[in-house]
Number of protein chains: 2
Amino acid sequence: MKTEVEKKKESPSVGVSGRKIIYDKDGKPCRTCNTLQDFQFATQGGSVAPTFNVKKPLKKNHPDTTSTDTVAGGYTKDQPPDVEQLGKSSWTLLHSVAATYPETPTSKQQADMKQFILLFGNFYPCWFCGKDFQEYIEANEVQTATQDDLGKWLCIAHNAVNKKIGKAEFDCNLWKQRWKDGWEK
Amino acid sequence: MKTEVEKKKESPSVGVSGRKIIYDKDGKPCRTCNTLQDFQFATQGGSVAPTFNVKKPLKKNHPDTTSTDTVAGGYTKDQPPDVEQLGKSSWTLLHSVAATYPETPTSKQQADMKQFILLFGNFYPCWFCGKDFQEYIEANEVQTATQDDLGKWLCIAHNAVNKKIGKAEFDCNLWKQRWKDGWEK
């Protein structure tokens, strides 16, 4: 029989990053919910020092990926994106969607945008992030009446996540400079 | 009166990257449809050498951004994402969505996924990329019956874009290793 210490080692609750390890319903570590380092640490039962996880970009235009080898067609063997890459990619997309949303949308465009944001939370690859986002939407209705309303709503939603994970909050009066028009001189 | 040469200089048709410059309906260069270099080149009327566009990462965790200064809260003055950053972010999200889509989805989950992909093309920040994607969907129905169907459909859709922009195509038999499970040893 396994001791409690052995069991704990097999399913560590905290990763090398200091973050809580998130597991899927089947008890396996969730790849899209943890950093790559923490996921690999938990997959190895918390018993292997994660020295093999150091990011070393192979290609100039793949600075975000951890690569070990190339496959046919010249593609690098990039690992599936972790929770941080997914977060960064998704906010980039969402803020840009707001930046190109009509300034005076029709009722249909407003309904479509609400539906899009809802489905986004529903299908988000990190299940616990998506659940948080859906709860946020329930408590804070998506604002779609104008482009500025949507952009500000997203900025405030992003700040709620930033606050939760200890990141600096962004001044939402500057959202258009950051995501639409570029910075004033 | 302006000469033809002057007019052409003001609205260049080809950017410094060699790509066609994409304009919005109002005649202004489209920020989300061009590379940052080409956008800045076209905004300056094609008359300024784009020496100020060299990417120099300021922060270890912002390797993808062009930064010039910091604003309150420690945020760098990152420029709005260009067509390449948007493309990379969006494919990262979409392939990961497929990787976490149920293996045997319900009818509702299938209908929701079709709706999500449709709205994605509709609201995509680069209007001409979104239009291409919508036309692709019309000609090639989104496959949502299983996780593998969706993952392969997306991989093939991504390859259609890769082909168009001269990038290497990916072997879609490997989509799960790239986007879901990681590479086999």
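Residues numbered from 1 in each chain as written. Chains lettered and ligands numbered in written order. Predicted model: local features only at pLDDT ≥ 70, side-chain atom pairs only at ≥ 80, totals over all residues. Heavy atoms only, no water.

Chemist: Just give me the short version of the packing of aromatic side chains, but keep the residues and values in it.
Modeler: In this structure the tally under the stated criterion is 21 aromatic pairs over all chains. Lying over the aromatic face of Trp 179 of chain A, Arg 178 of chain A brings its terminal NZ or CZ to 3.8 Å of the ring centre. (Phe/Tyr/Trp six-rings, centres within 6.5 Å; stacked < 30°, edge-to-face > 60°. Lys NZ or Arg CZ within 6 Å of the ring centre and 35° of its normal.)

Chemist: Run through the confidence of the model for chain A, naming residues and quoting values.
Modeler: All names here are of chain A. Confidence in the prediction of chain A, expressed as mean pLDDT, is 84, and 80% of residues score 70 or more. Per-residue pLDDT, averaged within each element of chain A, yields its smallest value for helix α1 (residues 4–10) (58) and its largest for helix α4 (residues 107–123) (98). Ignoring residues within four places in sequence, the model shows residues 49–67, a span with pLDDT below 50, making 38 contacts including any to other chains. (pLDDT = per-residue confidence, 0-100. Helix = DSSP H or I, 4+ residues; strand = E, 2+ residues; numbered from the N terminus. Contact = heavy atoms within 4.5 Å.)

Chemist: Tell me about the pattern of salt bridges, and please be specific about residues and values.
Modeler: Per the counting criterion, the structure on display carries 16 salt bridges over all chains. Where Asp 148 of chain A meets Lys 152 of chain A, a salt bridge forms, and the shortest distance between an N and an O atom there is 3.0 Å. Residue Asp 148 of chain A and its partner Lys 152 of chain A are both found in helix α6 (residues 147–164); the two are separated by four residues, about one turn of the helix. Using a relative accessible area of 27% as the deciding quantity, one classes Lys 152 of chain A as partly exposed. Put simply, Asp 132 of chain B and Lys 164 of chain B hold a salt bridge, and the shortest N to O gap is 3.1 Å. Taken together, the residues span a long stretch of sequence, with Asp 132 of chain B in helix α5 (residues 127–139) and Lys 164 of chain B in helix α6 (residues 147–164) at a distance of 32 residues. We classify Asp 132 of chain B as partly exposed; its relative accessible area is 28%. A residue is classified by how much of its surface remains accessible, and Lys 164 of chain B, at 62% relative accessible area, is exposed. (Salt bridge = Lys/Arg side-chain N within 4 Å of Asp/Glu carboxyl O. Buried < 20%, exposed > 50% of the residue type's maximum accessible area, 1.4 Å probe, protein only.)

Chemist: Could you give an account of helix α3 (residues 83–100) of chain B, with specific residues and numbers?
Modeler: Across its 18 residues, α3 of chain B extends 26 Å between first and last C-alpha, which sits within 8% of the 26 Å expected from 1.5 Å per residue. Across the 18 residues that make up α3 of chain B, a large majority, 15, are buried. (Expected span 1.5 Å × (residues − 1).)

Chemist: Please set out the nonpolar core residue by residue, giving values where relevant.
Modeler: In globular proteins that are soluble, nonpolar side chains generally tend to be buried together. Of all hydrophobic cores here, the largest spans 69 residues; its most connected members are Phe 116, Phe 120 and Trp 153 of chain A together with Phe 116, Phe 120 and Trp 153 of chain B. Residues in contact with Phe 116 of chain A, not counting those within four places in the same chain, are Leu 94 of chain A together with Phe 116, Leu 119, Phe 120 and Phe 123 of chain B. (Core = buried A, V, L, I, M, F, W, Y, C linked by side-chain atoms within 4.5 Å.)

Chemist: I'd like a description of the packing of helix α3 (residues 83–100) of chain A against α6 of chain A, backed by residues and values.
Modeler: All names here are of chain A. One can describe the packing of α3 onto α6 by two numbers: an axis separation of 8 Å at closest approach and a directional angle of 160 degrees. Our classification of the angle between α3 and α6 gives roughly antiparallel. Regarding α3 and α6, the two cross each other, and that crossing is left-handed. Contacts between α3 and α6 involve Trp 91, Leu 94, His 95, Ala 98, Ala 99 and Thr 100 from the former and Gln 147, Leu 150, Gly 151, Leu 154, Cys 155, Ala 157, His 158 and Val 161 from the latter. A class-by-class count of the residues in the contact of α3 with α6 yields nine nonpolar, five polar and no charged. (Axes fitted to C-alpha atoms, helices over the stretch in contact; angles between N-to-C directions. Parallel < 35°, antiparallel > 145°, perpendicular 65-115°, else oblique. Left-handed = near helix turned anticlockwise from the far one by under 90°. Nonpolar A, V, L, I, M, F, W, Y, C, P; charged D, E, K, R; others polar.)

Chemist: Outline the relation of the copies chain B and chain A, supporting the account with residue identities and numerical values.
Modeler: These two copies of the chain differ by a rotation about an axis and a displacement along the same axis. In the superposition of chain B on chain A (RMSD 0.0 Å, axial shift 0.0 Å), the rotation amounts to 180 degrees. Read as a symmetry element, the transformation amounts to a two-fold axis. Relative to the rotation axis, the C-alpha of Ser 89 of chain B is the closest in chain B, positioned 2.1 Å from it. Taken as a fraction of all interface residues of chain B, those also at the interface in chain A reach 100%, which identifies the copy contact as same-surface. (Least-squares fit on C-alpha atoms with pLDDT ≥ 70 in both.)

Chemist: Lay out the interface of chain B and chain A in plain terms, naming residues and giving numbers.
Modeler: Every contact between the two is made by 48 residues of chain B and, on the other side, 48 residues of chain A. A buried area of about 4000 Å², summed over both sides, lies between chain B and chain A, and 66% of it is on carbon and sulfur atoms. When the area that chain B buries against chain A is broken down by residue, the three leading residues are Tyr 75, Phe 123 and Trp 183 of chain B, summing to 17%. The interface formed by chain B and chain A includes two salt bridges. (Buried area = accessible area lost by both parts, 1.4 Å probe.)

Chemist: Quick one: what's the story with α5 of chain B, residue by residue and with numbers?
Modeler: Residue and element names in this part refer to chain B. Along its 13 residues, α5 runs 19 Å from first to last C-alpha, staying within 8% of the 18 Å computed at 1.5 Å per residue. Within α5, the full set of buried residues consists of Gly 130, Phe 133, Tyr 136 and Ile 137. Viewed along the axis of α5, the buried residues span an arc of 120 degrees, placing them on a single side of the element. The outward face of α5, more than 90 degrees from its buried face, is lined by the exposed residues Glu 138 and Ala 139. On its buried face, α5 sits against α3, α4 (107–123) and α6. (Arc of directions from axis to C-beta.)

Chemist: Describe the state of the cysteines, with residues and values.
Modeler: All names here are of chain B. Enumeration over the complete set of coordinates arrives at six disulfides over all chains. Paired by a disulfide, Cys 126 and Cys 129 hold their sulfur atoms 2.1 Å apart. Judged by the sign of its S-S torsion, about 75 degrees, the cystine formed by Cys 126 and Cys 129 is right-handed. Across the disulfide, Cys 155 is cross-linked to Cys 172 (sulfur-sulfur distance 2.2 Å). Between Cys 155 and Cys 172, the disulfide has an S-S torsion of -90 degrees and is therefore left-handed. Here Cys 155, found in helix α6, pairs with Cys 172, found in the loop between α6 and α7 (175–181); they are 17 residues apart in sequence, far enough to count as distant. Overall, the relative accessible area of 13% leaves Cys 172 in the buried class. (Disulfide = S-S within 2.5 Å.)

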